[in-house]
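A structural walkthrough
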Amino acid sequence: MNTLSKKRWIRLIPIVFITYSLAYLDRANYSFGAAGGLAEDLNITAATSSLLGALFFLGYFFFQIPGAHYAENKSAKKLVFWSLILWGFLATATGLISNVKILFVIRFCLGIVESAVMPAMLVFLSHWFTKAERSRANTFLILGNPATVLWMSIVSGYILESLGWRWMFILEGLPAVIWAFLWWKLVNDNPKEAKWLDNQEKADLNTALLAEQNGLTPVKNYREAFKSKTVILLSIQYALWSIGVYGFVMWLPSIINSAPNTSIVATGWLASIPYLLACALMLTVSYFSDKLQNRKLFVYPFLLIGALCFYGSYLIGTSNFWLSFILLTIAGGAMYAPYGPFFAIIPEILPRNVAGGAMALINSMGALGSFAGAYIVGYLNEVTGGYGASYNFMAISLLASAILTIIATKQKKEKASQEANIPLQEL
């Protein structure tokens with residue numbers, strides 16, 4: 001298994017990382033475009049800019065479950081291929097428009113196209129990596145999120161200063177289209193299709209994955225799985241968690257840019273710091289989560305830290321920008337740290353035929369939370385003329401998310417087996 005494991009990690013993880021990085025690039029660079037001239041050129045108010053930033057997540061909500069179903073029963077490879085092409089063209093089109101109404105349509109459609117990517121990729125990884133590896137595999141997927149914002153924050157700042165917001169969207173949208181064809185050439189949906197594995201390696205991996213499935217009580221369909229109390233609670237938890245994450249992602253550049261004597265390039269450099277911390281924490285947390293086979297221990301404490309840091313920023317207010325920025329940096333890193341362990345929970349309690357759909361349901365609720373976070377944070381910033389109210393809003397959301405994590409994962413096998421006949425192991 002050592003040789004097999006090495007081949008899978010080296011072959012698949014870089015591809016997965018790059019693919020999700022490109023997806024995240026084309027959803028997150030809107031905040032830089034808005035701060036770098038788009039809002040001014042198109043006469044977009046702060047409230048309208050909030051809605052445009054949040055509209056992506058409304059579109060993102062709709063096709064999560066169908067996408068997961070298609071990926072599990074048809075082909076994650078094909079689904080991601082067409083998504084790459086479509087979102088690349090839509091992101092590029094953002095740099096070509098001069099009408100706000102068209103921008104509304106593009107942002108909504110971009111969300112629809114990207115909605116299937118996350119659940120499809122989680123399904124894809126579940127076909128290639130075992131329980132003992134899954135937190136780390138998921139982390140390398142989701143690491144594309146903070147890692148992308150890390151370099152995007154810097155590169156976008158320079159592109160905005162040199163070429164303007166239109167070229168930023170064009171230059172950052174086209175790589176997804178090119179990458180689609182590399183993705184198609186390099187990946188296989190299942191180990192049995194991989195020519196780079198020998199027959200023994202395929203058999204070993206198939207045996208390990210089947211053994212995990214045999215240890216789970218069968219669940220007939222999505223409806224039965226969605227009635228699980230654990231799935232319901234984790235869906236609400238992820239919605240609240242996403243309020244904090246995307247309120248932070250969408251508005252951090254504007255928060256930094258409001259500081260005295262801060263250029264757009266300096267904003268880019270400063271905005272990258274929380275994501276550098278996030279990358280380090282995600283890798284560390286996922287390693288120990290897999291090593292100890294304990295998921296909840298590496299989820300809720302970090303959400304509590306994020307909540308406390310946002311509340312600390314609220315207490316500081318505008319009196320000390322740098323202290324507030326340090327707390328925001330810690331909050332950003334802490335919010336990203338638990339992603340790998342979190343998305344390892346569902347495949348360990350639900351069989352393969354419904355696990356993808358359950359993860360899609362949870363992720364779709366996260367999309368609603370993201371919509372609320374991006375829009376309400378912007379609305380509070382405009383109405384109050386500062387960031388204190390939005391800091392409080394994100395702190396309360398993360399606190400509630402941490403509490404729900406504890407409630408959802410404290411159940412024992414006996415109690416969970418009474419709910420939709422789904423066994424829940426110690427998480």
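The rules we used
- Residues numbered from 1 in each chain as written.
- Predicted model: local features only at pLDDT ≥ 70, side-chain atom pairs only at ≥ 80, totals over all residues.
- Heavy atoms only, no water.
- Helix = DSSP H or I, 4+ residues; strand = E, 2+ residues; numbered from the N terminus.
- Rg over C-alpha atoms; globule rule 2.2 N^0.38 Å.
- Buried < 20%, exposed > 50% of the residue type's maximum accessible area, 1.4 Å probe, protein only.
- Areas by Shrake-Rupley, 256 points an atom, 1.4 Å probe, with all protein chains shown as cover.
- Lys, Arg positive; Asp, Glu negative; His and termini not counted.
- Charge placed at Lys NZ, Arg CZ, Asp CG, Glu CD.
- Salt bridge = Lys/Arg side-chain N within 4 Å of Asp/Glu carboxyl O.
- Polar contact = N/O pair within 3.5 Å; in protein donor to acceptor, adjacent residues only side chain to side chain.
- Contact = heavy atoms within 4.5 Å.

Here we look at the overall build of the protein
Of regular secondary structure, the protein possesses 18 helices and 0 strands. Compactness check: the protein gives a C-alpha radius of gyration of 21 Å against a globular reference of 22 Å for 427 residues, within 12% of the reference. Dimensions of the protein, computed from C-alpha atoms along their principal axes, come out at roughly 60 × 45 × 35 Å. For the protein, the residues scored as buried account for 60% of the 427 residues in total. Surface accessibility of the protein: about 16500 Å² in total, with carbon and sulfur atoms responsible for 66%. Charged side chains in the protein number 30 positive and 21 negative. The centres of these two groups are separated by 6 Å.

Points about the environment of T409
Here T409 is to be found in helix 17 (residues 388–409). As a C-alpha pair, T409 and W87 span 322 residues in sequence and 36 Å in three-dimensional space.

A few points about the pattern of salt bridges
Under the counting rule described, the total for this entry stands at 6 salt bridges. The salt bridge involving R8 is made with E133; its shortest N-O contact spans 2.8 Å. Remark: E133 occurs in the loop between helix 5 (117–126) and helix 6 (134–142) and R8 occurs in helix 1 (residues 2–41); sequence separation between them is 125 residues. Of the two residues examined, R8 and E133, each falls in the buried class. Its salt-bridge partner being D290, residue R136 comes within 2.8 Å of it at the nearest N-O pair. One end of the pair, R136, is in helix 6; the other, D290, is in helix 12 (residues 264–292), with 154 residues separating them in the sequence. Among the residues examined, D290 registers a relative accessible area of 6% and is labelled buried. One network of salt bridges, in which partners are shared, links R136, D290, R295 and E348.

Comments concerning the side chain of H127
Position of H127 relative to the elements: it lies in the loop between helix 5 and helix 6. A distance of 3.3 Å separates polar atoms of two side chains, one belonging to H127 and the other to N190. Not counting the four nearest positions on each side in its chain, H127 is found in contact with E72, D189, N190, P191, L209 and R352.

Overview of unusual backbone geometry
Backbone geometry places N43, a non-glycine residue, at a positive phi of 55°. Residue placement: N43 occurs in the loop between helix 1 and helix 2 (46–62). On the basis of relative accessibility, which here comes to 68%, the residue N43 falls in the exposed class. Phi angles above zero are rare outside glycine, and Q293 is one such case at about 50°. On the basis of relative accessible area, Q293 is assigned to the partly exposed category, the value being 28%.

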